[in-house]
Amino acid sequence: MDRVSAFDEPLKKLLGGATAKVMAEHLDLHTVGDLLHHYPRRYEERGRLTTLTELPLDEHVTVVAQVADARVMMFNNGRGKRLEVTLTDGSGRLQLVFFGHGVHKPHKELLPGRRAMFAGKASLFNHKMQLAHPTYQLLDANDEDEATEAVDAFAGQLLPIYPACKQLDSWRIAKAVDTVLPSAQEAVDPLPPALRDGRGLVPLPEALLRIHRPHTKADIAAARDRLRWDEAFVLQVALARRRYADTQLPAVARRPVAGGLLDAFDATLPFTLTEGQQKVTGEIFDALATEHPMHRLLQGEVGSGKTLVALRAMLRTVDAGGQAAMLAPTEVLAQQHHRSITEMMGELAEGGLLGGSDLGTKVVLLTGSMGTAARRQALLDLVTGEAGIVIGTHALIEDKVRFHDLGLVVVDEQHRFGVEQRDALRSKGKQPPHLLVMTATPIPRTVAMTVFGDLETSVLDQLPAGRSPIASHVVPAKDKPHFLSRAWERVREEVENGHQAYVVCPRIGDDADEAAEKKGKAGKKKAAPEEDAEKRPPLAVLDIADQLAKGPLAGLRVEVLHGRMPPDDKDDVMRRFADGRADVLVATTVIEVGVNVPNATAMVIMDADRFGVSQLHQLRGRVGRGSAPGLCLLVSEAHEASPARARLSAVAATLDGFELSRIDLEQRREGDVLGQAQSGVRSSLRVLSVIDDEEVIAAAREEAVRVVADDPCLERLPELRTALDALLDKEREEYLDKG
């Protein structure tokens, strides 16, 4: 069998059809390689051999003893069975207990007079020492030498406990691993020898043997160190190759033009840029001036001024003869960006119009629901180059949209767009345009290096001067209803002081909403206990707005905003709220990003426990955008001791988005980072943790950059190429493409 095909061997050939079928269907394991990379999640320690009189309490022990007595006891009116076994080793006695289905096998084997080894955790029950459900191995009473050897091997073992399923428990997986373990010697080692030796890592075959069948804890540590490096390095090489390939593409350099649109815009700014904005702008401008497409992630705290940075990059592109397109995930956000950008630019956004500046350009909006005439004019302005800047939704991607010279694509809230959408817009340039991806969801450094690893990263972590602090509090509506009454009083006080407020609900509450909810419930699997306790449907915008207008906020101007309103209605509502003609806006999460109303100082989030940590942080960022302090009230009926309440308390305790993203990540663990939530496939991270292994990931990235720069096609590293093919199946390749 050659080196590659040993790992590709179907499990069916070695384990039989029935076991292989269960592994494929329930554990997604299909080949020998899959099973060898199915690592134990932990190890049981059997402990050293001990006499019955010296058993240490609450520790893992191994004893050799003879069965003195074994009895099956019935309980729960005969519905339950318990096997009690008494052992003796000449020094003392010990009780074993087995319950339920675990009774049958030991009842047949542990007969009085049989000698065996037993391993388990020693505990006290009714003042007597006992082992509950111990593992055991029968000994041949006639062969003393063989028994002694077996005892030594058994007592010293670390038992691997595998991720298992109802149909296949850990010990059967361990037996299957024993069958395929000889194939570990055929493992193709992806790490370049110099890297492996330089970092003192064990060879891959040895690491696989040690992780599955360790003799000591040091074996486990050495194996994990090595396997962490495999995962980090192979992934970083894939990303480094993508970045390298991008640097080989041609792009039009967009260099500075003195006295142009950007200079005219800067002259109108009533404030100076923060240090962070200047630094990030410098990085973006340097990249725009190269003849290879920029691929940059701009991440920044809510309200850190990302839109201004992006606008200046767009103006630089227009100065250099190109056009810039900004892609927003929703119509509300596209309209908001269009409004704020045209306001910021003033007469510079009226190029070609009466009263517009000679240096100006046209800024057009393009969304799916525009009227035919407006849409036709926008398309014409793009193809002729009359419009230097276009802001739109996925309508920008349609085939009929043509550009005169697309030079820069800005994607807002990248996580809402798929690879096809981003690439479709990029393909509209005569040469690949520069790409700036923006997110207001702070991302821990390790995730940025792993999930967004094909993009260079710029971070805006400084808030502009004049931003106000936001006080956040959890309102336990169920335990303390008077707290909710006080919340509405606070909203009224803010309005009386000349300010405005948001009320956010998880649901709209119209007929379509109800139908979708019923459909969702019909196809839903049984909920988790925490969800199960929450029988009530989520609170709805239309219901809450009605209750508030008739009750605690009677007399105030209450408006509603949600995603299913006609676009013109949405825009009218946002304009009225922005102009101060509405006091309270009751909305869904359509206001989550980009909405900028400095006079809005209070936000009440209903059913706050139904939102994620990052989403709550985003929503909260809509207040405190002016000179007056902000207030965010997180209303929840979740129980005080529940994980949901712990999540809300974490949000209330800090305004640091990077800290919150770390908390969010720890709660979701890695499965959601490279796993099903984002890519639709099983996570490739098995021993590597994007939370704990920052140093390994950073070092692997450096090594990967070095390797790819020296040998872009990996011609001298065929083993690494093979490992890349194995890790990056087609689905994950597509996922990484999303950046």
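(A) Representation of a negative patch on the surface within the structure. On the surface, Asp656, Glu659, Glu666 and Asp692 cluster together into a patch of negative charge. Looking at Asp656, the relative accessible area reads 37%, which means it is partly exposed.

(B) Examining the sheet that holds strand 16 (residues 470-476) more closely. A sheet is described by the order of its strands in space; here six strands give the open sequence 16-21-20-17-19-18, paired in parallel fashion. Looking along the sheet, the strands with just one partner apiece sit at the ends: strand 16 and strand 18 (558-561). Within this sheet the neighbouring strands show an average axis-to-axis angle of 20°, counted without direction. Alignment of strand 18 against strand 19 (residues 584-587), held across four bridges, turns out to be parallel. Each bridged residue has a counterpart across the sheet, and for Val558 the counterpart in strand 19 is Val584. Across the sheet, helix 24 (residues 643-653) is in contact with strand 16 and strand 21 (630-636); its angle to strand 16 comes to roughly 160°.

(C) Local environment of the nonpolar core. Formed by 39 residues in total, the largest nonpolar core has its most connected members in Ile284, Met314, Met345, Ile389 and Leu408. Here this core gets eight residues from one element, more than from any other, and that element is helix 13 (residues 306-319). Filtering out sequence-adjacent residues up to four positions away, Ile389 remains in contact with Leu311, Met314, Leu315, Val318, Ala324, Met345, Lys362, Val363 and Val364. Leu29, Val202, Ile220 and Ala223 belong to the second-largest nonpolar core, a separate cluster that totals 35 residues.

(D) Quick peek at the confidence of the model for the protein chain. Within the protein chain, residue pLDDT values average 83, and 86% of them lie at 70 or more. This model gives residues 733-739 a pLDDT under 50, and the stretch forms 30 contacts once residues within four places in sequence are excluded.

(E) Structural view of the pattern of salt bridges. This structure, assessed with the given rule, holds 37 salt bridges. Two residues, Glu109 and Lys105, come together in a salt bridge whose shortest N-O distance is 3.8 Å. Note that Glu109 and Lys105 are positioned in helix 5 (residues 104-109) at a spacing of four residues, about one turn of the helix. The salt bridge partner of Asp479 is Arg645, with a shortest N-O separation of 3.8 Å. Within this pair, whereas Asp479 is found in the loop between strand 16 and helix 18 (481-496), its partner Arg645 is found in helix 24, the two being separated by 166 residues in sequence. Among the residues examined, Asp479 registers a relative accessible area of 45% and is labelled partly exposed. With relative accessibility at 9%, the residue Arg645 sits in the buried group. Each of Arg486, Glu489, Arg490, Glu493 and Glu494 takes part in a single network of salt bridges with overlapping partners.

(F) The packing of aromatic side chains, seen in detail. Here the structure, examined in full by the defined rule, presents four aromatic pairs. Note on Phe75 and Phe99: the rings are 6.5 Å apart at their centroids and 85° apart in plane angle, and the pair reads as edge-to-face. Separated by 24 residues along the polypeptide, Phe75 in strand 2 (residues 60-75) and Phe99 in strand 4 (residues 93-99) bring together distant segments of the chain. With a relative accessible area of 38%, Phe99 lands in the partly exposed category. Clustering of aromatic rings is evident, with ring pairs tying together Phe98, Phe118 and Tyr136. Above the plane of the ring of Phe285 lies Arg316, whose end atom (NZ or CZ) is 4.1 Å from the centre.

Cut-off values and rules
- Residues numbered from 1 in each chain as written.
- Predicted model: local features only at pLDDT ≥ 70, side-chain atom pairs only at ≥ 80, totals over all residues.
- Heavy atoms only, no water.
- Patch = residues over 30% accessible without salt bridge, like charges linked within 9 Å, V, L, I, M, F, W, Y side chains within 5 Å.
- Areas by Shrake-Rupley, 256 points an atom, 1.4 Å probe, with all protein chains shown as cover.
- Salt bridge = Lys/Arg side-chain N within 4 Å of Asp/Glu carboxyl O.
- Lys, Arg positive; Asp, Glu negative; His and termini not counted.
- Charge placed at Lys NZ, Arg CZ, Asp CG, Glu CD.
- Buried < 20%, exposed > 50% of the residue type's maximum accessible area, 1.4 Å probe, protein only.
- Pairing = 2+ DSSP bridges.
- Helix = DSSP H or I, 4+ residues; strand = E, 2+ residues; numbered from the N terminus.
- Axes fitted to C-alpha atoms, helices over the stretch in contact; angles between N-to-C directions.
- Contact = heavy atoms within 4.5 Å.
- Core = buried A, V, L, I, M, F, W, Y, C linked by side-chain atoms within 4.5 Å.
- pLDDT = per-residue confidence, 0-100.
- Phe/Tyr/Trp six-rings, centres within 6.5 Å; stacked < 30°, edge-to-face > 60°.
- Lys NZ or Arg CZ within 6 Å of the ring centre and 35° of its normal.

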